[in-house]
Amino acid sequence: SFLLPAAGIGRLASGEGPEQSQVYLYLQPKYGHNHHDALNLNLFAQGQELLPDLGYTHNTFYRYFSLSTMGHNTVVVDSANMQGGSEAEHGGQVRTYVPDSGLFQVMRASYDGAYASAEQYNREPWFVPFPGGDGDDGYVLDLFRVAGGNRHEYTFQGDANRDAYFETELPLTEYGDYLLPPGTNVVDPVNNSDSGSAEGHYPGYIYVRDVERAQLTGDQFSLTLVTENEGIPGAKMKITGLLDSGENELYLGRSPSLRSIRLNGSSMDNNDEAVKYDMPKLVLRRDGTDLESTFATVMEPYGSDELPQIEAIDRLELDEGPEGALAVRVVYGNTTDIIVSNPYHPQTPVVVGDLAMNGEMGMVRLLDGRVDAMSLVGGTMLRKGEEQLLGSGTISGIIEDTMRIAAGDEVNALVTTANVSQEAVGRYVIVNHPDGST
């Protein structure tokens, strides 16, 4: 797992969250770890695990769900768990890692072995602190790009340790007892080795229950995750999804939370305890042929006695830009953040009005309409109006040797003939191995 801490790293106890906001992105190998959790996102904020990774149940009939791709905060392709073959078991690849750009933190990772039908499967979570604070309060921009297959389902679940639900003004209609075509004959699981069955449909759908559906129109939707503990209000999180063109369907249901086991340990790992609690589950579904999707979602956590700060979010139309490029505008108070992502072709310009970028990632912060700050990653130029930021681009080269203190060398080092400038001090190196791993 890789960690993007907003401010420090907290040590976690069972059922507790760190003091600081933290985003975890899962791309670990599967050498014995058999959860189908490629690029799962885990979010701690306001002292709570608002987007939970369920963890383990060994003894209950919810074990299949806890292992399944649908049981994680990720994208399900073609109504199936991610594959578990030799290609997938090696895990995902880190493509970009920026723990502090001055304005944001971001990493991008791919997991190209997750699905045989998906030639692109990568995720790019940003954490953007609000200005003037301690670096903890802010928002997450989650960009998940998938290409290939005929169904993409972006899914996440709300706080598993507390009572929680989604609040929305969207018109909802009852869909069914399960996330399955109405009338499907369902056989529920009976023990920890049983997935249940649903006339050949993906068993993961059995565990999303009491489902309502919203047929989405326009270019975005919003809802709020609301939590409470024994009647005491807890943290909330405003969620805004920026939709791709085409048909998008939103499903809201309930799924197992394993709360008793998570909070009290293995002594509660039994079916009687497992059925006591559930949690809210969201599934955003897109269907098509040889489908391409960019799921763009903004999440803003805030306290029970607070209100969200963000007033408007837009996915901007590009004047120029290559495949995969995207720009998002976030407005709050007198501040406007413009975030630009261009993962696949950073040498090709991205142009949005009077903003232009040659690079992989960039952000412009405006105060009262004027440029206040700019940040550029892996690029040579970021321009907004008359203000311009220049960069040296990405430094790359061949690793010809290594040095190790354990082997008698003075330092631990990667040896390269590339011209590495002093600007690289304190930054990260991504090593690309001959087998494609990073």
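Each remark here, short or long, concerns the structure printed above.
Residues numbered from 1 in each chain as written. Predicted model: local features only at pLDDT ≥ 70, side-chain atom pairs only at ≥ 80, totals over all residues. Heavy atoms only, no water.

*Asks:* I tried to follow a nonpolar patch on the surface on my own but got confused; where do I start?
*Replies:* A cluster of nonpolar side chains, Ile399, Leu414 and Val429, forms an exposed patch at the surface whose accessible area comes to about 270 Å². Inspection of the secondary structure puts Ile399 in strand β28 (residues 399–403). (Patch = residues over 30% accessible without salt bridge, like charges linked within 9 Å, V, L, I, M, F, W, Y side chains within 5 Å. Areas by Shrake-Rupley, 256 points an atom, 1.4 Å probe, with all protein chains shown as cover. Salt bridge = Lys/Arg side-chain N within 4 Å of Asp/Glu carboxyl O. Helix = DSSP H or I, 4+ residues; strand = E, 2+ residues; numbered from the N terminus.)

*Asks:* It is not clear to me how the environment of Thr69 should be interpreted in this structure. Could you clarify?
*Replies:* For Thr69, the position within the fold is in the loop between α1 (63–67) and β5 (74–77). A residue is classified by how much of its surface remains accessible, and Thr69, at 1% relative accessible area, is buried. Along the sequence, Thr69 and Phe144 sit 75 residues apart, while their C-alpha atoms lie 15 Å from each other. When neighbours within four sequence positions are excluded, Thr69 is seen to be in contact with His36, Thr74, Val75, Val76, Ala80, Asn81, Met82, Tyr115 and Tyr202. (Buried < 20%, exposed > 50% of the residue type's maximum accessible area, 1.4 Å probe, protein only. Contact = heavy atoms within 4.5 Å.)

*Asks:* What should I look at first to understand the environment of Thr438 in this one?
*Replies:* The residue Thr438 is located in the segment after β29 (413–416) in this model. Assessed through its relative accessible area of 28%, Thr438 is described here as partly exposed. When near neighbours in sequence (up to four residues on either side) are disregarded, Thr438 contacts Gln93, Val94, Arg95, Ile430, Val431, Asn432 and His433.

*Asks:* What is the right way to read the sheet that holds strand β21 (residues 335–341) from this model?
*Replies:* Within a sheet, neighbouring strands are paired by backbone hydrogen bonds and run either parallel or antiparallel to one another. In space, the five strands of this open sheet follow the order β19-β20-β21-β24-β25, with antiparallel pairing throughout. At either end of the open sheet lies a strand with only one pairing partner, and these are β19 (312–316) and β25 (370–377). Neighbour-to-neighbour, the strand axes of this sheet turn through a mean angle of 15 degrees, independent of strand direction. In this structure, β19 lies alongside strand β20 (residues 326–332), joined through five bridges in antiparallel fashion. Bridged to Ile313 within β20 is Val330. (Pairing = 2+ DSSP bridges. Axes fitted to C-alpha atoms, helices over the stretch in contact; angles between N-to-C directions.)

*Asks:* Even after reading the chapter, I still don't get the pairing of strand β14 (residues 220–229), so can you show me in this structure?
*Replies:* The two faces of a sheet get side chains in turn, since along a regular strand they alternate between them. Across five bridges, strand β11 (residues 163–167) lies against β14 in antiparallel orientation. Its bridge partner being in β14, Phe166 is matched across the sheet by Leu225. Two strands pair when backbone bridges link them, and β14 and strand β15 (residues 232–242) are joined in this way by nine bridges, in the antiparallel orientation. Note on β15: the bridge partner recorded for Leu225 is Met237. Between the antiparallel neighbours β14 and β15 lie two residues, among them Glu230 with a positive phi of about 55 degrees.

*Asks:* How should the side chain of Ser293 be read in this particular structure?
*Replies:* Inspection of the secondary structure assignment puts Ser293 in strand β18 (residues 292–302). For Ser293, a relative accessible area of 4% puts it in the buried group. A polar contact is formed between the side chain of Ser293 and the side chain of Arg286, at a distance of 2.6 Å. Sequence-distant contacts of Ser293, that is, excluding residues within four places in its chain, are made with Phe144, Arg145, Val146, His152, Asp244 and Arg286. (Polar contact = N/O pair within 3.5 Å; in protein donor to acceptor, adjacent residues only side chain to side chain.)

*Asks:* Teacher, can you tell me more about unusual backbone geometry here?
*Replies:* The general pattern is negative phi for most residues beyond glycine and trans for most peptide bonds. Non-glycine residue Leu39 carries a positive phi angle of around 55 degrees. Relative to the assigned elements, Leu39 resides in the loop between β2 (22–25) and β3 (41–45). For Leu39, a relative accessible area of 0% corresponds to the buried category. A positive phi angle is found at Ser79, which is not glycine, with a value near 50 degrees. Mapped onto the elements, Ser79 comes out in the loop between β5 and β6 (93–98).

*Asks:* When you look at the packing of aromatic side chains in this model, what are you seeing that I'm missing?
*Replies:* Given two aromatic rings, their pairing is described by the distance between the two centres and the angle made by the two planes. Under the definition given, this model contains 17 aromatic pairs. The interplanar angle of 75 degrees and the centroid separation of 6.3 Å between the aromatic rings of Tyr62 and Tyr207 together place this pair among those described as edge-to-face. Highlighted residues: Tyr62 in the loop between β4 (48–51) and α1 and Tyr207 in the loop between β12 (173–178) and β13 (209–215), separated in sequence by 145 residues. Residue class for Tyr207 comes out buried when judged on its relative accessible area of 1%. For the ring pair Phe65 and Tyr207, a centre distance of 5.5 Å and an interplane angle of 25 degrees mean the geometry is stacked. (Phe/Tyr/Trp six-rings, centres within 6.5 Å; stacked < 30°, edge-to-face > 60°.)

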